[in-house]
Structures are given as structure tokens and as C-alpha cells.
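As a plain string of letters, each chain reads:
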Amino acid sequence: MYDVVMKQFEHAADIMNLDPGVRKILSKTNTEIVVHFPVRLDNGKIEVFTGYRVQHNNALGPYKGGLRYHATVDIDAARALAIWMTWKTALAGLPYGGAKGGIQLNPKEYSKNELERITRRFTYALGDNIGPDLDIPAPDVNTNAQIMAWIADTFSSTKSPSTRFANLHVVTGKPMGAGGLAGRDRATGFGVVSTLKSWSALKKQPLKGMRFIVQGFGNVGYWTAHFLLKEGATLIAVQDASATLYNEKGIDPEALLAHSDANGRNINGFAGAQEMDPKAFWSLKCDIVVPAALGNQITEENAGGITAKVVAEGANGPTNIGGEAILRKNGVDIIPDILCNSGGVIGSYYEWLQNKRSEIWKIDEVLVMLHDKIETAFEQVVSTANEFKVDWRMSAYIVALRRLETTYMERGIFP
Ligand code: NAD
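Summary of the structure given here. (Residues numbered from 1 in each chain as written. Predicted model: local features only at pLDDT ≥ 70, side-chain atom pairs only at ≥ 80, totals over all residues. Heavy atoms only, no water.)

1. Here's the deal with the overall build of the chain
Stage number 1. When you go through the chain residue by residue, the secondary structure sums to 13 helices and twelve strands.
Stage number 2. A compact globule built from 415 residues should have a C-alpha radius of gyration of about 22 Å, and the chain, at 21 Å, falls within 12% of that.
Stage number 3. Projected onto its principal axes, the C-alpha coordinates of the chain cover approximately 55 × 55 × 40 Å.
Stage number 4. Sorting the 415 residues of the chain into buried and exposed places 57% on the buried side.
Stage number 5. When contacts within the chain are restricted to residue pairs at least 6 apart in sequence, those whose partners lie at least 24 apart make up 69%. (Helix = DSSP H or I, 4+ residues; strand = E, 2+ residues; numbered from the N terminus. Rg over C-alpha atoms; globule rule 2.2 N^0.38 Å. Buried < 20%, exposed > 50% of the residue type's maximum accessible area, 1.4 Å probe, protein only. Contact = heavy atoms within 4.5 Å.)

In C-alpha cells, the structure reads:
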């Protein structure tokens, strides 16, 4: 992923003739934190875990980005994802920089109590490297509102009692009772569908009646399916880490979610669809493809089979460079990740603002603001693509890099 993100950055920097000094700054990450920390497991034995937090750039505001609990988390993955966050927050016009991190583990191997101890000890190990005005983590793969609540509680409990409530917004994506925002849970999937609505209006291709497939049935995959169904589209296939399911008449995402929740967050064994060969997933005949799992999933090996009109990148970095070239050659539109899944970080921004102002916002107003912000970003990406005669991924980068360049030019470099 790191190679992909750097190639994309270099290409955009060349096209827009980015200032050489700013280019040098943005080519590097500001801070890279690796922590090893011990946790006592339920069986009484001690295990030492490795956690990461990479802070890429904070020219526009505090670092912002998710924490991932997955076996593939390492320093390169954290770097790549942190860099993407810088572009994403800049593109959305948010006063944030970019960061990412996580712990290299498979959370399914640990009990809830163990995950709580792991999370709290990781938070303690990060110490003052995170903070509500410094670096604000959020959920990502295998982390959720509960984990954010443990982080907020640990971080604020290890500070002076007089600052406890000024520290709870050290993370976003918290549960409602712990200062969360109404609608943050669905913000990313809602945003994915907002970008698809903009795409549909631009291309004069109604979403109603379209068939779609989703890879990943976690937070992003489920909510995207939920909102696309409201537009009159039909979910015909879902793939997660446990199975690939198909039903040409349509899969009900609500029934699938209920099944998955009761089945350890796995979709296998769902009665409302048939299992199919995972290799045939990407070449299913459909109109919309939504990768909403991990990076590097659409590659030179499978991109040729995709006949959909559009790929909406719910995941971060789901399409590699070779896969992207094939999609473009075949005329498949790509709504790039830093635009497509930016609803999550926009929702996080509203949660942070709500906490800072000690307010409680209503879900309807949150979703209206979120839709407007993504629509604006989509329009900027389309107009910049026309200006530079580039694809939407490049133009999304250019919009983001222009903002960062302007900030550096106006503010200068200390000392
Ligand atoms: P999640 O943990 O809720 O769900 C991940 C899903 O991916 C699960 O269904 C899992 O089974 C599936 N998966 C894992 N490995 C797979 C594999 N090899 N093949 C097929 N499916 C696999 O995670 P999420 O929060 O929904 O995040 C999904 C993606 O969206 C990630 O790339 C993440 O960085 C990105 N993203 C998430 C948010 C957010 O707000 N949660 C925001 C922006 C981007």
C-alpha cells in the first residue's frame, strides 16, 4: 500500500507542479511511534503486543485517523494509511492532518476482557502522543465504538481529574453514552452512497434498479448496502473473510447483519443466499462494485473481470496501480477512496466539534451537513479533473495538495 500511495502522490505532484519544498515535506511522515506493551491474558500468561501510530502531517490541524486491529498492521501499512488520511482531510476541507495506527493482532483470538486490557494498555503506552488537540484516533478495521470508549476513558482517567471532560474527545466514533455523535456509526457508508448519488446525477444513470456487490460486511459494507437499498438498488453478492454469498434476487442486508452479529461477525451460513466461489466474486455481472474491506483487493489478476459501471472505494486503497489501469482501459468509473469514504472522517469532525462545544446534535442535521460536504468535495474533484484533464483520483489528490501547498506558502516554515 505504501508503494501505491507514494506513486499516486508523486504522479499528482508532477501534474500540478507542486512546490519542491512542500513536496519534500509531504514525502515524509512527521512522527512514527512503535510501542511494545505487556498484557495479562485470561489464562494468566503475559503477552507482549506491538502497536503503531504514524503521524504524517499536521499542517492543516491535529492529526486524525483510525486505529486498526489486524494481523496486517505494520509500520508500512500505518504509513500508507496515515498519508491517505492527510489527503482525505485536506480534500474534505477539514481542519485536520493525517495519522493512522493500530495493533498487529487478530482480535478474534482474544476475549472481550482481553481486548479491553489490550486497548487500555495500548492507550497508556501511546501516552501524550495522542490528545484532543494533537492526534485524534477513530475506528477502523476491527475497532468499534466500544474500543473508542475504552480509549477515551483510559486517556482521560490518566490525566488530572480537572481536565477529564476536556479530554474525552481524544477519540471520535464513541458510543452515544460516551459522547458519541448521532449518525457517526453510519457516516462512512452514508457518505459512500452520497458520492454514488453525485456520480449518478453527473452520469444521468439512476441508482434505482442497479445491482451491486460489496466486499466486506463490517461497518462500511453494511451501511453502504443499507443506504443503497433505500435508493432502490439491489445487493446481489457479499464477500467477507468467512464466505462469499450470492442471490440474484437480492440479499437483505438487515437479515444478513442480524445473522452476522449472531455468528461472530461472519456472514457464512446465511440462509438468504448461496455460497459461491470467492474467485468469481469480482466478475459478477452488476452495475456497482463496492470494495469495503482491506487494501489491494482489485488487482491486475481480477480487474479485467469487472464489468460494472462504477467502483465506489469504501475501503482505503482497495485498487492497486495495475488494477486501476485495467479498470480505466475498460471504461469503469472509480470514485476514489479519499473522496468516497470521507464520510467517516467528516462525521468524526462533527463529533469532535459537538464535544468541544458541549452540545448534542440531532442525526438528521448531521446527515444533511455530511451530505453537503461530500457533495461539495465531489464537485471540486470533477471540476479539477476537467481543469487538469486527469482522472478523479488524480484530481482528488490535486485538490488536497493545493490546500496543503497554500497553507505552507502562507504560513512559512519555522524558524
Ligand atoms: P470492519 O472491521 O467493520 O469490517 C471489515 C470487513 O472486511 C469484515 O466484514 C471482514 O470480514 C472483511 N474482510 C476482512 N478481510 C477480508 C478478506 N480478506 N476478504 C474479504 N473480506 C474481508 O471494518 P470497516 O470499519 O468497515 O472498514 C472497512 C474498510 O473501510 C477499511 O479499508 C477501512 O480502512 C475503511 N474505512 C473505514 C471507515 C470507518 O469509519 N469505519 C472510514 C473510512 C474508511
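2. Observations concerning the packing of aromatic side chains
Stage number 1. This structure, assessed with the given rule, holds 16 aromatic pairs.
Stage number 2. A centroid spacing of 5.3 Å and a plane angle of 15° characterise the contact between Phe9 and Trp87, whose relative ring orientation is stacked. With a gap of 78 residues between them, Phe9 in helix H1 (residues 2-16) and Trp87 in helix H3 (residues 75-91) connect regions that are remote in the sequence. No difference in accessibility class separates Phe9 from Trp87, as the two residues are buried.
Stage number 3. For the ring pair Phe49 and Tyr110, a centre distance of 5.5 Å and an interplane angle of 65° mean the geometry is edge-to-face. Of the two residues, Phe49 is situated in strand S2 (residues 46-57) and Tyr110 in the loop between strand S4 (98-103) and helix H4 (112-126); the sequence distance between them amounts to 61 residues. Residues Phe49 and Tyr110 agree in their burial class; the two are buried.
Stage number 4. One aromatic cluster in this structure is built from Tyr96, Tyr349, Tyr350, Trp352 and Trp361. (Phe/Tyr/Trp six-rings, centres within 6.5 Å; stacked < 30°, edge-to-face > 60°.)

3. Some thoughts on the layout of surface pockets
Stage number 1. Counted as a void, the second largest pocket has a volume near 190 Å³.
Stage number 2. Along the walls of the second largest pocket sit Phe165, Leu168, His169, Lys174, Gly177, Ala178, Gly179, Asn355, Ser358 and Glu359, which together make up its complete lining.
Stage number 3. Tallied by class, the residues present in the lining of the second largest pocket amount to three nonpolar, five polar and two charged. (1 Å grid on protein atoms, 1.4 Å probe; cavity = no way out; pocket = protein on both sides within 12 Å on 5 of 7 lines; lining within 4 Å. Points joined across faces, edges and corners; volume = space filled by probe spheres on them. Nonpolar A, V, L, I, M, F, W, Y, C, P; charged D, E, K, R; others polar.)

4. Some words on helix H12 (residues 363-388)
Stage number 1. Compared with the 38 Å implied by 1.5 Å per residue over 26 residues, the 37 Å span of H12 between its first and last C-alpha is a close match.
Stage number 2. Turning to H12, its buried residues are Val366, Leu367, Leu370, His371, Ile374, Ala377, Phe378, Val381, Val382, Thr384 and Ala385.
Stage number 3. Following H12 by one or two positions, Lys389 has its phi on the positive side, about 55°. (Expected span 1.5 Å × (residues − 1).)

5. Examining the site of the ligand
Stage number 1. Neighbouring the ligand are 23 residues, the closest being Asp140, Asn142, Thr188, Ala293 and Asn316.
Stage number 2. Between an oxygen atom of the ligand and a main-chain N or O atom of Asn219, the distance comes to 2.9 Å.
Stage number 3. Within the backbone of Gly314, a nitrogen or oxygen atom sits 3.4 Å from an oxygen atom of the ligand.
Stage number 4. Here the ligand loses 88% of its free accessible area of 830 Å² to cover by the protein chains. (Near = heavy atom within 4 Å. Polar contact = N/O pair within 3.5 Å; in protein donor to acceptor, adjacent residues only side chain to side chain. Areas by Shrake-Rupley, 256 points an atom, 1.4 Å probe, with all protein chains shown as cover.)

6. With respect to the packing of helix H6 (residues 187-203) against H12
Stage number 1. Viewed as axis vectors pointing N to C, H6 and H12 meet at an angle of 45°, and their least axial separation amounts to 9 Å. By the angle between their axes, H6 is oblique relative to H12. As for how H6 packs across H12, the hand of that crossing is right-handed. Of H12, the residues touching H6 (which contributes Ala187, Phe190, Gly191, Ser194, Thr195, Lys197, Ser198, Trp199 and Leu202) are Leu367, Leu370, His371, Ile374, Glu375, Phe378 and Val382. (Axes fitted to C-alpha atoms, helices over the stretch in contact; angles between N-to-C directions. Parallel < 35°, antiparallel > 145°, perpendicular 65-115°, else oblique. Left-handed = near helix turned anticlockwise from the far one by under 90°.)

7. Considering the sheet that holds strand S9 (residues 274-275)
Backbone-to-backbone hydrogen bonds pair the strands of a sheet. The strands run either parallel or antiparallel.
Stage number 1. As summarised here, the arrangement of the seven strands in space is S9-S8-S7-S6-S10-S11-S12, forming an open sheet in which the pairing is mixed. Edge positions in the sheet fall to S9 and strand S12 (333-335), since each has one partner strand and no second.
Stage number 2. With three bridges connecting them, strand S11 (residues 310-312) and S12 associate as parallel partners. Counted as the bridge partner of Val310 is Asp333 from S12.
Stage number 3. Strands strand S10 (288-291), S11 and S12 of the sheet are contacted by H6, whose axis makes an angle of about 145° with S12.
Stage number 4. The strands touched by helix H7 (residues 219-230) are strand S6 (211-215), strand S7 (234-239) and S10; relative to S6, the strand with the most contacts, the crossing angle is about 170°. (Pairing = 2+ DSSP bridges.)

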